[in-house]
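# Structural characterization, general
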Amino acid sequence: MTDQNLAPEKKTSKPEAPIQLIVFRLGNEEYGIRIEQVKEVTITPEVARMPKTPPFVKGIANLRGDIIAIVDLEERFKLRPAGQKLPDHSFTLAIEARDYTIGIVVREVPQPLSILASAIEKTPEFIQDLNVHDKYIEGIARLDGRIIIVLDMLKLLTPEEIMQLRPKAASSPGAERKQA
């Protein structure tokens, strides 16, 4: 009976839960975002340029009634020169954080991917040391010869950039004037 009691204990150890990623290409590399950070994927709506925003912020767009900032990660990560306009046909991943929602522009249709958490390796120290202010790389996933850089989108923008993009901060003075 002792052997029978040991066998169930081995079976009760939970199998590793898979992680769902949305994978897309920036430049020549593949990047992934945890699916719970992505609100929706859509064809990029018309973008209106906003003054006094960083060059990687392409402007704002109306996404199902919500005004969101549209961010070009290729430009943010310096994968191509700054100041280029968006392609005629692209896709936007709406990323919802606690205080804001932003749109990330990608040129190809993003694909879902399920991997085990153990497939995501911690970001090498030399990369974290080089990017002291850029802690948005969660890790590196290796899968069938592919390398996927896993991003933590909630750490992508600095607090100063978030303040620039928050629509509430821009609209609150107007709201006060209407009430007066």
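The structure under discussion appears in the preceding block.
The sections below set out a description of the structure shown in this document. (Residues numbered from 1 in each chain as written. Predicted model: local features only at pLDDT ≥ 70, side-chain atom pairs only at ≥ 80, totals over all residues. Heavy atoms only, no water.)

## A closer look at the packing of aromatic side chains
Selection criterion: The criterion for an aromatic pair is that two Phe, Tyr or Trp rings (for Trp, the six-membered ring) have centres within 6.5 Å, with stacked assigned to planes under 30 degrees apart, edge-to-face to planes over 60 apart and tilted to the rest. Put simply, DSSP H or I for four residues or longer makes a helix, DSSP E for two residues or longer makes a strand, and each gets a number counted from the N terminus. Remark: exposure states derive from per-residue accessible area (1.4 Å probe, protein chains only) relative to the maximum for the residue type, with buried under 20%, exposed over 50%, and partly exposed in between.
This structure, assessed with the given rule, holds three aromatic pairs. The interplanar angle of 10 degrees and the centroid separation of 5.2 Å between the aromatic rings of Phe-77 and Tyr-136 together place this pair among those described as stacked. Of this pair, Phe-77 sits in the loop between helix H2 (73-76) and strand E6 (91-96) while Tyr-136 is found in the loop between helix H3 (125-130) and strand E10 (137-143), placing the two residues 59 residues apart along the sequence. Taken individually, Phe-77 and Tyr-136 each receive the classification buried, so the pair is uniform in this respect.

## Points about the sheet that holds strand E1 (residues 18-26)
Condition: The pairing criterion is simple: DSSP has to find at least two bridges between the two strands.
One open sheet holds the six strands; their spatial order is E8-E1-E2-E11-E10-E9, and the pairing between them is mixed. Among the strands making up the open sheet, the edge pair consists of strand E8 (111-116) and strand E9 (120-121). Here six bridges tie E1 to strand E2 (residues 29-34), and the two strands are oriented antiparallel to one another. Bridging across to E2, Phe-24 finds its partner in Tyr-31.

## Details of the nonpolar core
Soluble globular proteins: nonpolar side chains tend toward being buried together. Keep this limit in mind: Throughout this description, the term nonpolar core refers to a set of buried Ala, Val, Leu, Ile, Met, Phe, Trp, Tyr and Cys residues connected via side-chain atoms within 4.5 Å. We call two residues contacting when some pair of their heavy atoms lies within 4.5 Å.
Phe-24, Leu-73, Leu-93, Ile-102, Ile-104, Leu-151 and Leu-156 are the most contacted members of the largest nonpolar core, which has 29 residues in total. Excluding its chain neighbours within four sequence positions, the residues that come into contact with Leu-151 are Phe-24, Tyr-31, Gly-32, Ile-33, Gln-37, Leu-73, Phe-77, Tyr-136, Ile-137 and Glu-138. Grouped together as the second largest cluster of nonpolar side chains are ten residues, Val-23, Leu-113, Ile-115 and Ala-119 included.

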